[in-house]
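# Structural features, examined
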Amino acid sequence: MSYCCNNNNAKALLYLLSCLLLLWLANNVSLIKQKHLTSCCPEGSWGRLVDQQPSSDVASSSSTTSGAGTTMMITASNLLLGSAAAGGGASASASNTTPGALLGKQLLIGDTKTPVYYSSPSFSSSSSKDKSDGDKKKKKKAIVIIPDVWGPSDRLRRLADTFSQHGYHAIIPDSFRGETVDSHPNFVEWAGKFTFEHVVKKDLEAVLHYLETEGKVSPAKGGDDIAIIGFCWGGWVIAKSASEGFPWKCGVSMHPATKLESFVFKRDETAMLEKVNMPLLLLPAGNDEANLKPGSAIVEKLREKGGDSIVFDRMVHGWVSRGDIGQVDVREDIDKALDLTVKFIEKNFG
């Protein structure tokens, strides 16, 4: 009898401990995930960031026009619906919340076997008007999109598709080769593997070569224009590559993490940003670093070169690439950020 009671007590204790462990995990899983990000994403960013799943609320998303002289429109709906939202603005998304098929191709390019998602104007019949306009100008245009530490997502692929439907060659390299920060608890150690000299630079060179040989986009030979857009880690890639002489016409960095230059690679972030010799638009969130916001010496230097910084005070780091579009304020500020991006690129492309 004593043995039976002890055995039952032990089982009950194990059951209680298991329940307590599950309760602790449920309450702390977001904190565990956020711990991955403290080197890259500011504290407090995790709570409003979600996977890129379509939401029925996106049907009410309003399209923002790009102003006089601008023929292009991108909204939050495009990031979720892709080709299903293209060309129709708010009316298209209101009648359809099913994502359209991705238009681009997943490829391995160059000697580096760099994984890329490539979306060409030729992949979409809706881009014919933009293509003919580009042919008249005898100038081609391309967009290089650099993802955050979660790598290329369908949200970013649909962004590339939307650009291609407006006559741009759009390409997203994946320097992480399928890895993401999610499975690497030591962020600095993981991010430190992807150095500019040995990984990023070679991937970008492969991208430029591919655009020249396959897309016939060449700044050097044809006077063509290539812009670069980056999110979080991608913001560091933009600044680093521009400071090293890559031929970007301009760049837009949303919720940038240029501090990786100092935090991960132990180099001078300010010196890197001061060497950026192109128009660079920074779109930091409210909790992003102060040195990337108006009033800082860095922003003043960027303004001298045609750049600027516009702060989204009510947003948290990561809102464009992974924010919950079901939240009205997030959706509105994604629309605004994309509108600013299009205007800035088209202004600099001329």
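Heads up: the structure comes first, above all this text.
Our subject in this report is the structure included herewith. Along each chain, numbering runs from 1 in the same order as the chain's sequence is written. Selection of residues for local features in this predicted model requires a pLDDT of at least 70, selection of side-chain atom pairs for listing and counting requires 80 or more, and totals for whole chains, interfaces and linings are taken over all residues. Heavy atoms from the whole structure form the basis of all side-chain values; hydrogens and water molecules are not counted.

## Comments concerning the environment of Gly234
Counted only if it meets this: The way it works is that DSSP assigns letters per residue, a run of H or I at least four long becomes a helix, a run of E at least two long becomes a strand, and they are numbered from the N terminus. What makes two residues a contact is simply this: any of their non-hydrogen atoms within 4.5 Å.
Tracing the chain through its elements places Gly234 in helix H9 (residues 233-243). When the C-alpha positions of Gly234 and Ile146 are compared, they lie 4.7 Å apart, and in sequence the two are 88 residues distant. Every residue in contact with Gly234, bar those within four places of it in the chain, is listed here: Ile146 and Pro147.

## Considerations on the pattern of salt bridges
For clarity, the cut-off: The salt bridge criterion pairs a side-chain nitrogen of Lys or Arg with a carboxyl oxygen of Asp or Glu, the two atoms within 4 Å. Categorising residues by exposure relies on relative accessible area from a 1.4 Å probe, with only protein chains included: less than 20% of the type maximum marks a residue as buried, more than 50% marks it as exposed, and the intermediate range marks it as partly exposed.
One pass over the structure, following the stated rule, counts 14 salt bridges. A salt bridge links Asp154 to Arg157; its shortest N-O distance comes to 2.9 Å. Of the two residues, Asp154 and Arg157 are both situated in helix H5 (residues 154-164); the distance of three residues between them amounts to about one turn of the helix. With a shortest N-O distance of 2.9 Å, Arg303 and Asp308 are connected by a salt bridge. Its relative accessible area of 35% is what places Arg303 among the partly exposed residues.

## Details of the packing of aromatic side chains
Heads up, the condition is: The aromatic pairing rule takes the rings of Phe, Tyr and Trp, using the six-membered ring of Trp, and pairs them if the centres are within 6.5 Å, calling planes under 30 degrees apart stacked, those over 60 edge-to-face and the rest tilted. Remark: a charge is flagged as sitting over a ring if the NZ atom of Lys or the CZ atom of Arg is within 6 Å of the ring centre and within 35 degrees of the ring normal.
Following the criterion strictly, the structure yields 14 aromatic pairs and no others. For the ring pair Trp233 and Trp236, a centre distance of 5.9 Å and an interplane angle of 50 degrees mean the geometry is tilted. In this pair, Trp233 and Trp236 are both assigned in helix H9, three residues apart and thus about one turn of the helix distant. For Trp233, a relative accessible area of 3% gives the class buried. Among the aromatic residues, those joined into a ring-pair cluster are Phe176, Phe187, Trp190, Phe194, Trp233, Trp236 and Phe265. The ring of Tyr117 carries Arg157 above its face, with NZ or CZ at 5.9 Å from the centroid.

## Looking at the nonpolar core
Stated precisely, the cut-off is as follows: We define the nonpolar core as a collection of buried residues of types Ala, Val, Leu, Ile, Met, Phe, Trp, Tyr and Cys that are connected through side-chain atoms lying within 4.5 Å of one another.
If you look at the biggest cluster of nonpolar residues, it comprises 49 residues, and the most contacted ones within it are Val144, Ile171, Leu211, Trp233, Trp236 and Trp248. Sort the elements by how many residues they give to this core and helix H7 (residues 196-213) lands first, with nine residues. Excluding residues within four positions of it along the chain, Trp236 makes contact with Phe194, Phe196, Val200, Ala257, Thr258, Leu260, Glu261, Phe265 and Met272. Judged by nonpolar contacts, the second largest core, of 37 residues, contains Leu156, Met254, Leu283 and Ala337.

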